[in-house]
Structure formats: C-alpha cells, structure tokens
Amino acid sequence: MTAGSGVLLVLLSLSGALRAHGGDLTAGETCKAGFSEEDYTALISQNVLEGEKLLKVRFRSCPGTEGTQYETNSMDFRVGADGTVFAARELWIPSRGVAFTVTAWDRRTAERWDAAVRLLVAQTSSGHQTPPRGRKPPALAPAQPPGDTLRPWPPHPRAGGLRRQKRDWVIPPINVPENSRGPFPQQLVRIRSDKDNDIPIRYSVTGVGADQPPMEVFSIDSMSGRMYVTRPMDREERASYHLRAHAVDMNGNKVENPIDLYIYVIDMNDNRPEFLNQVYNGSVDEGSKPGTYVMTVTANDADDGSTANGMVRYRILTQSPQSPSQNMFTINSETGDIVTVAAGLDREKVQQYTVIIQATDMEGNLNYGLSNTATAIIAVADVNDNPPEFTTSTYAGEVPENRVETVVANLTVTDRDQPHSPNWNAVYRIISGDPSGHFVVRTDPVTNEGLVTVVKAVDYELNRAFMLTVMVANQAPLASGIQMSFQSTAGVTISVMDVNEAPYFPSNHKLIRLEEGVPPGTALTTFSAVDPDRFMQQAVRYSKLSDPASWLHVNATNGQVTTAAVLDRESLYIKNNVYEATFLAADNGVPPASGTGTLQIYLIDINDNAPELIPREGQVCERPHLNAINITAADADVDPNVGPYVFELPFVPAAVRRNWTITRLNGDYAQLSLRILYLEAGVYDVPVIVTDSGNPPLSNTSVIKVKVCPCDDNGDCTATGAVAAAGLGTGAIAAILLCIALLLTVVLLFAAWMRRRERERHTKQLLIDPEDDVRDNILKYDEEGGGEEDQDYDLSQLQQPEAVEHVLSKVAGVRRVDERPVGAEPQYPVRPALPHPGDIGDFISEGLRAADNDPTAPPYDSLLVFDYEGSGSTAGSVSSLGSSGSGDQDYTFLNDWGPRFKKLADMYGGGED
C-alpha cells in the first residue's frame with residue numbers, strides 16, 4: 001500500500017482474535033480447520049487503486065490439509081495465496097461500503113470454508129475523499145450569509161455629482177399608549193418645515209389610519225402641522241401605523257418631499273393569559289421516578305410578549321387526590337412542563353389525578369398580573385408490576401380415556417394489574433409432568449382462567465394419572481425490578497378414568513393365499529382381535545359383518561375362519577383374484593364395544609374351467625373359397641391354465657372330418673373351412689374339440705353352426721342362397737303364402753257378414769231388440785244427458801202459435817205446442833181383438849209413427865222443463881206416493897205374446913207365487 005493513497009486500514013476481530021494467537025493447541029484437543037473469524041471488517045479510503053492491499057484473512061490449517069486456495073464471489077477483488085485481499089481494478093467505494101465472501105477450499109478433499117468481508121469507507125481528516133481519477137469532485141455549494149445579517153444597498157449618486165443632503169424636516173418620535181381615556185382629539189406631535197418662515201405651507205398625512213381604512217384615526221391641522229389621534233388605540237388590534245406627511249404651498253406646489261411617519265402603540269396589560277385547552281389529558285407510568293415528564297400545558301397572552309405584560313408564568317394550585325403526597329407533581333413556571341416530584345405512583349391505589357394549573361402574566365406577579373386557570377387530568381398508566389398468582393397451590397381433575405378436546409380442570413389466578421391488558425392477560429405453560437404432550441392450558445379471554453384441555457388421547461392402561469406443574473405469566477414482561485411470585489406455579493393432578501374400549505384386530509386387512517376349489521370346512525386362518533381393556537375380565541365374540549358370497553364361517557369364540565362353500569376364483573365376487581370379507585369382534589362390556597377387521601383371501605387359480613369357442617355361428621360358400629370361419633378359444637382361468645390351445649375335429653361322425661378341416665393360426669386362434677369341393681347349401685353343426693395347456697389339461701367340444709350358401713364372384717352369399725341355407729324350399733314358401741291368403745279371405749268374409757247383419761237390424765226392428773231382452777241383458781235408465789241448459793234447443797217451437805194455419809203448416813216431426821190446436825186428428829191403428837204375436841212389432845211401429853206426426857198429442861197446456869238439476873225444485877216431495885198392488889191388473893194375456901214375453905208372464909201372471 002502506498003503512502004500517497006491515504007488509506008487507513010483497520011481489522012476488526014468479531015470473535016476474539018487474541019484467542020486464535022494466544023497459544024498452541026494442546027495435545028488432547030481436536031484440530032478443526034477454518035477461518036479464524038466468521039467475518040472481517042476493514043476501513044478503507046473511498047478511492048482504491050488497482051492492486052491495492054485491503055486486508056488479510058487468516059486460515060487455520062490442520063495436519064493433512066495441503067494446498068489451500070482462496071477465491072471470492074466478486075470480480076472486483078482477489079485473494080492471494082497468503083490470504084491478502086487485493087483490489088482487482090481501480091474502484092470507487094460507495095459511502096455505504098461493500099460486502100463479499102472469501103472461500104477457502106482444499107484441493108485434496110474438496111472441502112470448502114466461507115468468511116464474510118465488509119469494506120467500510122473511512123472519513124479522512126479533511127472531511128472529504130479524493131475522487132477516482134478522471135472524475136470531477138462534487139462542487140461545493142457557495143457560502144450563504146446568515147439569516148440575521150443585512151446588507152443595505154448603497155445609495156445611488158445623484159445626477160450632477162455628490163452633494164450634501166440638508167435636513168428638511170424636524171420629526172419628534174411618535175408613541176401612543178393604548179386604551180387612553182382622552183380627551184379626544186389628543187395632540188401627538190407637531191410637524192413643521194423650516195421653510196414655513198418664508199412662505200405659507202399646508203400640511204397633510206396619508207396612509208392607513210388617515211385616508212385609508214380605518215379612516216380618520218389620525219388627523220392633522222393643515223396650517224399649524226399639529227397631528228392628533230381621534231380615539232383610543234388598541235395594540236392587539238394594530239400595533240403600528242405607517243403614514244406619509246406632505247408639505248405644499250398655497251397653490252398646491254410641493255415644498256418638501258413626502259416623509260414616512262411611524263406611529264407605535266404602547267402596550268398596556270389589558271389581556272389575561274388564555275390556555276389553549278381548558279382540559280389537558282396526560283399519563284404517566286406507575287412507579288415512575290421523580291422528574292419523569294408527564295405533559296405540557298400552554299397559555300398565550302395577547303399582550304406584548306417582549307414586556308412583562310405578555311410574560312406568563314405557571315403554577316399548580318391544587319392536586320386531587322393528595323395521595324400518597326399532596327405534591328406529587330410540579331410544573332416548570334416558564335415552559336409549562338409538568339413532571340413528577342415524588343415517588344409512590346401506584347395505579348392499583350390511585351388511577352387518576354386532577355391538577356388545577358394557574359397561568360399569570362406580569363412574570364407571575366400575583367399583585368399586578370392577570371391570571372387564568374385550566375385543568376390537567378393525569379392518568380396513571382399501568383405497568384406489569386404485579387405477577388399473576390394462582391388462588392390455590394393444587395388443582396385436580398379427571399378425564400375419560402380416549403377423549404380429546406375436553407376441559408379437565410379450571411385454573412383460577414388473580415392479577416391486580418389493569419384487566420384485559422397485556423399486563424393482566426395470563427399465559428399458562430406446563431413445565432413438567434406431560435412429556436408426551438397430552439395436555440395444553442388455554443386462557444379464557446373473559447375470566448383469565450387456565451383451561452386444562454386434553455389435546456392427545458390418554459390411555460388408562462398406560463397412564464392412570466398425571467401430575468402436572470403449571471406456570472403462569474403475563475403477555476407483557478414484568479416491570480424492571482419485579483420478581484415472579486412463588487404462587488405463580490401450581491400442581492394439577494389429573495386422574496384417567498377407564499372406559500370400555502373396542503377390541504381391535506392387530507393385523508387389519510389381513511391377507512392370506514390359497515388355491516381355489518378347497519372343500520367346505522377347510523380351516524383358513526384364525527382372525528382374532530385384541531381387547532385393550534387389560535384390567536377388565538371381558539370375553540370377545542366374533543361374527544361376520546360382510547361375506548358377499550357366503551363362502552366363510554367364523555368361530556364365535558376364537559375367531560377361526562373356515563370355508564362354508566367352495567371358493568371359486570372366477571366368481572363375480574372376486575376382484576383382482578382377491579375375495580374380501582369383514583368380521584366383527586364385540587366384547588361384553590358395559591356398554592359393549594365392537595371393532596371390525598377385513599380379511600383378504602388371494603385365490604390361486606387351478607385349471608377348473610374348460611375352454612370355449614367363439615363365435616358359435618359362421619357362414620361359408622358351398623364351394624371352397626377364400627372365406628373361412630375364424631374361431632377363438634377363451635378360458636375363464638388364467639396363465640398357465642390357458643393357451644396355447646389345441647384345436648381338432650372329432651372322428652365321429654366321420655362326415656365331419658370328411659367335409660371340414662381346421663387349421664391352427666396361433667395359440668388362441670384357428671380357421672374352420674371346407675375340405676371337399678362342393679357341399680350342398682344348408683345349416684351344418686360342426687363339433688370342434690379345444691384343449692387348454694393346464695395341468696391336467698381340460699378339453700371341451702363346442703358345436704359351431706355353419707351356414708353353407710351359394711356365393712357370388714366376390715365370395716358373398718346370394719339372397720336365394722341365404723334362403724336356401726336357412727332350410728326353406730320353394731314348396732314351403734308357397735304353402736306359407738297360400739295360408740296367408742286364405743286367412744285374409746276369411747277375415748274379409750266375416751267383416752261383410754257383420755256389416756249385412758247390422759243393415760238388416762236397422763231396416764226392420766223387432767218389438768224387443770236382442771240387446772234389450774230382460775232375460776239376459778242389463779237395462780240402463782235415467783240417461784238424460786246434460787239437461788236443456790246444456791243443449792242448444794229452439795224453444796220457440798214450444799210457444800203458443802198465433803194461428804191454427806201456422807200449426808197445420810208445420811213440417812212433419814214438430815208435435816209440441818202450448819195448447820191443444822184445432823184441426824184434424826190423425827187416425828191411430830186399431831188394435832186387433834186377438835193379436836198375433838208376430839204382428840205386435842208392426843202394430844207398435846205404426847202407432848209410434850202416428851204419434852210423432854200428431855200435433856194434438858199432449859202435453860199442450862204448459863211449457864215443461866225436464867232434466868234441470870239446478871238449485872232447488874218447484875215439485876213437492878213424492879215420498880208419500882205409494883204403489884198399487886199387483887192384484888189390481890190382470891197380466892194373463894202376456895202368455896199369448898210369444899216366447900219373448902215368457903219371462904214377463906212368469907213374473908206377473910203366476911198368481912201369488
């Protein structure tokens with residue numbers, strides 16, 4: 001390092017450099033390689049030249065450590081073989097300094113060690129550092145004069161050279177006391193010019209207070225130059241006035257240059273001190289030492305503060321309460337700072353003080369000064385000077401085993417500090433008795449109690465009781481000098497109650513392996529459970545909870561599982577070769593408890609399924625062609641009880657091997673095709689024997705239905721060939737079509753006969769229709785429709801006609817009027833004396849036809865309304881009407897009316913029977 005660089009190099013050892021060089025290691029100590037310090041700090045100049053030495057790091061080597069090399073994580077610095085740190089180039093170090101890491105590593109073991117290096121900029125005696133070469137130093141700001149230094153401007157010379165300025169005015173000083181009582185106007189001063197001896201001069205004043213608001217405060221006698229004040233002055237309203245006096249001759253020509261007049265209002269003590277606030281609020285920590293600052297009160301006086309009129313002094317009038325001393329506070333008479341003057345502030349005894357402060361001007365002279373008062377309320381702030389204490393030294397509680405989030409004990413504490421503050425809030429900690437962390441003590445935010453809560457289930461069989469030691473503290477640390485109380489620690493005894501626990505299977509999801517097909521009654525395993533209640537004499541019984549295929553049986557006392565049926569790996573209840581069953585283990589405790597366990601049975605496949613062929617149907621041409629039937633062998637078993645398969649045709653019947661041939665394609669596939677040149681179209685059953693590769697192998701004969709049909713040039717069956725292959729000849733098809741035609745003919749004949757019968761029925765009606773035969777038919781009555789209100793009838797046809805001609809001219813079918821008309825009545829047929837039963841129908845039909853065309857037929861006396869089912873009825877009750885006896889009428893003539901009336905004759909003509 002050159003002397004001209006001005007670098008001050010200081011190495012700071014952070015972990016004791018003297019210890020590193022104080023002596024050699026003793027023979028019994030173990031050597032540990034590494035830097036002597038974890039970080040190094042050096043003070044350097046701000047301008048660093050290239051190659052300049054900055055500091056040296058020291059590395060301790062151990063025997064066997066050879067070839068230590070150094071490197072840095074900064075390109076601006078490098079480290080020599082002896083640990084000296086150089087600047088790699090010319091640098092300008094910022095004021096905040098730089099930091100980088102030096103790494104030492106052993107080339108043989110590749111082990112690495114790191115140390116931090118900090119370079120700080122040292123201040124030189126000149127107060128600044130030399131900037132780097134090629135850079136301009138920062139320009140210094142020009143020196144500024146102090147704020148209270150004035151530089152008056154030099155007067156400008158008059159034109160024509162310098163000459164003495166003569167005095168033109170004689171102005172006495174003007175001071176006006178405020179609040180003067182007069183009389184007004186009151187003379188202040190007389191202004192005159194030394195030219196008034198030669199010529200008459202008129203005087204005037206202008207400015208604020210003269211010709212500017214406030215107007216006419218000052219006036220001047222224009223001839224004598226006497227200036228007056230016209231009213232009392234108030235310094236607090238305006239402390240000074242700036243006027244200009246003018247002197248002119250009688251013609252208004254200026255005699256003198258205007259001159260400035262300054263009038264100052266002299267202050268009088270006419271204002272009391274006024275506090276900024278009538279009530280001041282402050283606080284001080286309890287236990288504060290005398291001289292502790294509390295607060296500041298301020299009072300302002302509107303009078304001149306440079307005189308005694310505006311100089312305010314403070315003092316304390318009263319303090320309430322006067323405990324523990326009547327003078328707990330004092331006040332600085334000039335600044336208004338309130339400080340403590342006595343010890344003994346205790347929030348637990350006095351939480352607030354009320355202090356009356358008096359401010360007096362005239363420098364506190366009570367005889368001449370004016371005073372005012374304000375109130376200072378000083379709150380005593382709480383500090384943590386009272387540690388929390390348990391109300392008792394021991395607590396007890398109990399908890400059932402296996403229960404969590406249960407409060408087992410409430411720990412009550414007292415704390416005289418301010419409630420619900422960090423100085424009062426309790427924090428509980430278990431310091432012994434719970435190494436496994438079964439319990440935690442939480443704080444009730446309202447009562448501050450400690451709630452001992454179980455957060456990790458306890459086991460009665462492992463721990464029957466816990467002896468906890470709990471310590472309580474506050475959220476805030478105790479104040480300086482306050483020690484923890486011995487009552488801040490308490491013991492908690494927690495008893496664990498034994499409850500009936502459910503048995504459990506140690507190896508839940510137990511897996512066993514066996515071959516499928518074992519016979520019923522085979523013992524598989526013993527699936528037993530363990531009852532954790534070692535101190536209870538209880539029995540465990542076993543039962544099935546889930547056995548989908550009902551293959552298993554469990555011994556109720558010892559849990560031995562045996563087969564109840566043959567286990568089949570190919571069953572639908574098997575998934576991934578595993579059958580799963582669930583068992584229940586229940587004890588006889590009070591209340592009883594139970595646990596479940598799952599048994600998984602891995603079934604090993606045996607060759608118990610013969611292979612099958614798919615598809616079972618196929619189609620080939622009647623002559624050898626390229627098309628053949630591809631068949632596939634499938635087996636429900638798994639490897640090695642599956643393929644490769646052997647495909648062959650049986651020897652019986654012999655026609656199978658004569659007509660067909662089978663060719664194996666690979667282990668699972670084969671082709672079935674014709675062996676002969678032509679085979680008649682039809683459906684053939686071709687048996688094929690397939691054998692698997694199991695041990696022992698299983699065979700199966702599958703019959704494939706093969707349709708042989710004529711084919712076109714593309715090798716596809718023709719339509720006629722498909723029919724022929726189905727087994728139906730031309731004669732069979734013709735017979736089927738003939739049957740269909742005959743069936744249609746029968747249906748048409750039956751429909752024509754029914755239509756003819758219906759037409760005959762409407763043409764000639766018998767007396768009693770077959771459907772109305774009372775002997776074997778059901779008669780329906782009172783089918784009256786919806787009434788006349790629901791039907792669209794022309795009721796005008798029922799009204800009284802105006803003339804007979806109108807009635808007679810009505811068309812046939814209109815036969816109801818209001819009165820019996822006058823006109824010719826139709827002739828009704830005469831009933832024969834001995835009617836023939838065959839003529840009864842004609843007789844009734846003719847009478848009905850005559851009645852329909854008879855306009856005089858009743859009713860004709862009123863308009864009758866039928867089938868009206870509205871509210872109410874104009875008809876009276878018909879319950880008193882009786883029926884006439886059967887003996888009033890002779891019905892023996894019904895016997896002569898033929899077989900249709902035989903039933904009626906038997907009912908009414910049979911006498912008393």
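Residues numbered from 1 in each chain as written. Predicted model: local features only at pLDDT ≥ 70, side-chain atom pairs only at ≥ 80, totals over all residues. Heavy atoms only, no water.

Per an unreviewed UniProt entry, the protein carries the name Cadherin-4 and comes from Phyllostomus discolor.

On to the side chain of Thr-340. Counting through the fold element by element, Thr-340 comes out in strand S28 (residues 337-340). According to the relative accessible area criterion, Thr-340 is buried, its value standing at 2%. Among the polar contacts listed, one links the side chain of Thr-340 to the backbone oxygen of Lys-289, at a separation of 2.8 Å. Beyond its immediate chain neighbours, meaning those up to four positions away, Thr-340 contacts Val-284, Lys-289, Pro-290, Gly-291, Thr-292, Val-294, Met-328, Phe-329 and Leu-345. (Helix = DSSP H or I, 4+ residues; strand = E, 2+ residues; numbered from the N terminus. Buried < 20%, exposed > 50% of the residue type's maximum accessible area, 1.4 Å probe, protein only. Polar contact = N/O pair within 3.5 Å; in protein donor to acceptor, adjacent residues only side chain to side chain. Contact = heavy atoms within 4.5 Å.)

As a further point, take a nonpolar patch on the surface. Residues Ile-733, Ile-736, Leu-737, Ile-740 and Leu-744 make up a contiguous nonpolar surface patch of about 460 Å² in total accessible area. Following the sequence through the fold, Leu-737 ends up in helix H4 (residues 730-763). Its relative accessible area of 54% is what places Leu-737 among the exposed residues. (Patch = residues over 30% accessible without salt bridge, like charges linked within 9 Å, V, L, I, M, F, W, Y side chains within 5 Å. Areas by Shrake-Rupley, 256 points an atom, 1.4 Å probe, with all protein chains shown as cover. Salt bridge = Lys/Arg side-chain N within 4 Å of Asp/Glu carboxyl O.)

Let's shift gears to the sheet that holds strand S21 (residues 254-266). With mixed pairing, four strands are arranged side by side in an open sheet as S14-S21-S20-S17. Pairing within the sheet leaves two strands with one partner each, and these edge strands are strand S14 (175-177) and strand S17 (202-207). Ignoring strand direction, the axes of neighbouring strands in this sheet form an average angle of 30 degrees. Strand direction decides the pairing type here: S17 and strand S20 (residues 240-248), joined by six bridges, are antiparallel. Each bridged residue has a counterpart across the sheet, and for Ser-204 the counterpart in S20 is His-246. (Pairing = 2+ DSSP bridges. Axes fitted to C-alpha atoms, helices over the stretch in contact; angles between N-to-C directions.)

Here the focus is the confidence of the model for the protein. Caution applies to low-pLDDT regions: their predicted coordinates should not be interpreted in detail. Per-residue confidence for the protein gives a mean pLDDT of 79; residues scoring 70 or more make up 76%. Within the model, pLDDT remains below 50 along residues 124-170, and this stretch shows 35 contacts once partners closer than five positions in the same chain are excluded. Of the regions scoring below 50 in pLDDT, residues 811-819 engages in 28 contacts with residues more than four places distant in sequence or in other chains. (pLDDT = per-residue confidence, 0-100.)

Okay, the environment of Cys-711 next. Assignment of secondary structure puts Cys-711 in the loop between strand S54 (699-709) and helix H3 (719-726). Considering only alpha carbons, one finds Cys-711 and Arg-623, 88 residues apart in sequence, at a separation of 8.3 Å. Excluding its chain neighbours within four sequence positions, the residues that come into contact with Cys-711 are Cys-621, Asp-716, Cys-717 and Thr-718.

What follows covers the sheet that holds strand S42 (residues 540-546). Read across the open sheet, the four strands follow the order S40-S46-S45-S42; overall the sheet is mixed. Each end of this open sheet is capped by a strand with a single partner; those strands are strand S40 (510-515) and S42. Going across the sheet, the axis of each strand differs from the next one's by a mean of 30 degrees, ignoring polarity. Two elements, S40 and strand S46 (residues 594-604), share six bridges in a ladder whose sense is parallel. Looking at S46, one finds that Leu-514 is bridged to Leu-603.

This part covers the side chain of Gln-319. Note that Gln-319 resides in strand S26 (residues 313-320). Here the side chain of Gln-319 touches Met-328 through a polar contact of 2.7 Å, landing on its backbone nitrogen. Not counting chain neighbours up to four residues away, the residues in contact with Gln-319 comprise Ser-325, Gln-326, Asn-327, Met-328, Phe-329, Tyr-353 and Thr-354.

Another aspect to go through is the packing of aromatic side chains. The description of an aromatic ring pair uses the distance of the two centres, along with the angle that the planes make with each other. As enumerated under the stated definition, the model contains 18 aromatic pairs in all. When the ring of Phe-35 is compared with that of Tyr-70, the centres are 6.5 Å apart and the planes differ by 50 degrees; the resulting orientation is tilted. Of this pair, Phe-35 sits in strand S2 (residues 34-35) while Tyr-70 is found in strand S7 (residues 68-72), placing the two residues 35 residues apart along the sequence. Look at Tyr-70 and you get buried, because its relative accessible area is 17%. Aromatic pair Phe-390 and Tyr-428: ring centres 6.2 Å apart, planes at 45 degrees, arrangement tilted. You can see Phe-390 sitting in strand S31 (residues 389-390) and its partner Tyr-428 sitting in strand S35 (residues 426-432), a full 38 residues away along the chain. (Phe/Tyr/Trp six-rings, centres within 6.5 Å; stacked < 30°, edge-to-face > 60°.)

Attention shifts here to the pattern of salt bridges. This structure, assessed with the given rule, holds 16 salt bridges. With a shortest N-O distance of 3.4 Å, Glu-348 and Arg-347 are connected by a salt bridge. The exposure class assigned to Arg-347 is buried, which follows from its relative accessible area of 8%. In this structure, the salt-bridge partner of Asp-685 is Lys-705, at a minimum N-O distance of 3.2 Å. Of the two residues, Asp-685 sits in strand S53 (residues 682-691) while Lys-705 sits in strand S54, which places them 20 residues apart along the sequence. Lys-705 gets classed as partly exposed once you look at its relative accessible area, which sits at 40%. Among the ionic contacts, a cluster of salt bridges with common partners joins Arg-235, Glu-236 and Asp-267.

A few words on the state of the cysteines. The final tally for this structure, using the stated rule, is two disulfides. Between the sulfur atoms of Cys-621 and its disulfide mate Cys-711 the distance is 1.9 Å. Because the sign of the S-S torsion sets the handedness, a value of about -105 degrees for the bond joining Cys-621 and Cys-711 places this disulfide among the left-handed ones. Note that Cys-621 is positioned in strand S48 (residues 617-621) and Cys-711 in the loop between S54 and H3, a separation of 90 residues in sequence. (Disulfide = S-S within 2.5 Å.)

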